[in-house]
Amino acid sequence: MLVEGKNICFSYDFGGSSFALQDVDISIAKGEFVAILGCNGSGKSTLVKHFNALLQLQKGELRVAQIDVRNEQEIWLLRRLCGMVFQNPDNQFVSSVVEEDIAFGLENYEVPRDEIPERVQSALSLVEMSGYEKRAPNTLSGGQKQRVALAGVLALDPEIIIFDEATAMLDPGGRQEVVKIMQKLHRAGKTIIAITHYVEETVAADKIILMHRGRVLACGSPHTILTNLELMKEAEMIPPLPVRLYYDLREAGIYLNHCPLTKEELVAAICQLRSKT
Ligand SMILES: Nc1ncnc2c1ncn2[C@@H]1O[C@H](COP(=O)(O)OP(=O)(O)OP(=O)(O)O)[C@@H](O)[C@H]1O
Ligand SMILES: [Mg+2]
């Protein structure tokens, strides 16, 4: 397993009585696309910040890419292997020129100077932002900014890329661009961990980890999690529209042959129904 955690507990007021994480077990395989879903304050960010030691493990065990996150000697390697893109695209830049911003990260990790230009180019090309090298990040759209922030992470060739609500502040177009790049990176073999409020963004994941009040409520395929109304209610999440429609139709005496997760699956199920009648 690339990420393997057991009994992780965490409290922001260490020693206090309120827990942001309680007895969390987690395992993520290399190459998996994992969505972490949960309402506000359920502990999603707190959990992933342990993966690259942005938060110190207080209790439990956690190994990421075979590295014990408690091992301070390995902290820079861990951060290089496990890159993160955050919610606010404006808070992720240190330079006012795109290429310098990406190069800065590489210099920090002591990448040899003569390798830097090529790494910057190939990272920008991966996120489809070639040609924007000389631009100031603040002149870009939200989606473009997130892609540049992602290029900064990709330039370090991480094993795992964590998107912590990286699409939350984007308009639908920008969100789509970032989701498309996530899927491309997944196809290229990267392990993707996507935290999101948008249930629609989780339907294509290999698995969903559903969190509530600092605990993992359930872990399973999108179908298992998103079509379980009781579970979703317990997690205070609203299931995707096709799932809700499926159950509404059932109540009205109309039975689709399976519960769809996407608009396309819903249309196909309704067409099948019509062809039977
Ligand atoms: N820096 C902090 N100091 C104190 N408490 C915090 C801090 N960050 C988070 N918490 C608390 O820890 C709990 C988990 O928060 P966390 O940010 O991990 O949730 P989340 O699922 O990422 O929420 P959101 O969807 O709003 O980002 C919440 O009760 C929150 O109030
Ligand atoms: Mg969060």
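Look a little higher up for the structure.
Keep in mind that this is a model prediction, so the values were computed, not measured.

Parameters and conventions
Residues numbered from 1 in each chain as written. Chains lettered and ligands numbered in written order. Predicted model: local features only at pLDDT ≥ 70, side-chain atom pairs only at ≥ 80, totals over all residues. Heavy atoms only, no water. Helix = DSSP H or I, 4+ residues; strand = E, 2+ residues; numbered from the N terminus. Buried < 20%, exposed > 50% of the residue type's maximum accessible area, 1.4 Å probe, protein only. Axes fitted to C-alpha atoms, helices over the stretch in contact; angles between N-to-C directions. Parallel < 35°, antiparallel > 145°, perpendicular 65-115°, else oblique. Left-handed = near helix turned anticlockwise from the far one by under 90°. Contact = heavy atoms within 4.5 Å. Nonpolar A, V, L, I, M, F, W, Y, C, P; charged D, E, K, R; others polar. Core = buried A, V, L, I, M, F, W, Y, C linked by side-chain atoms within 4.5 Å. Domains from an automatic or database assignment.

Caption draft 1: Spotlight on the environment of Pro117. With respect to the secondary-structure elements, Pro117 resides in helix α4 (residues 116-126). Take Pro117: its relative accessible area is 53%, and that puts it in the exposed class. Along the primary structure Pro117 and Ala103 are separated by 14 residues, whereas in three dimensions their C-alpha atoms are 7.6 Å apart.

Caption draft 2: The arrangement of the packing of helix α3 (residues 98-108) against α4 in detail. Viewed as axis vectors pointing N to C, α3 and α4 meet at an angle of 120°, and their least axial separation amounts to 10 Å. Here α3 is positioned oblique relative to α4, judged by the angle of their axes. The hand of the α3/α4 crossing is right-handed. Of the residues in α4, those in contact with Val98, Glu99, Ile102, Ala103, Leu106 and Glu107 of α3 are Ile116, Arg119, Val120 and Leu124. The class makeup of the residues in the contact of α3 with α4 is seven nonpolar, no polar and three charged.

Caption draft 3: Quick peek at the nonpolar core. If you look at the biggest cluster of nonpolar residues, it comprises 54 residues, and the most contacted ones within it are Leu37, Ile102, Leu150, Ile161, Phe163, Leu210 and Met237. Ranked by residues supplied to this core, first place goes to helix α5 (residues 142-154) with six residues. Taken domain by domain, the makeup of this core includes at least three residues from each of domain 1 (3-235) and domain 2 (240-277). With residues up to four places along the chain from it excluded, the contact list for Leu150 reads Val85, Val127, Ile161, Phe163, Ile181 and Leu185. Ala20, Val48, Leu78 and Cys82 belong to the second-largest nonpolar core, a separate cluster that totals 32 residues.

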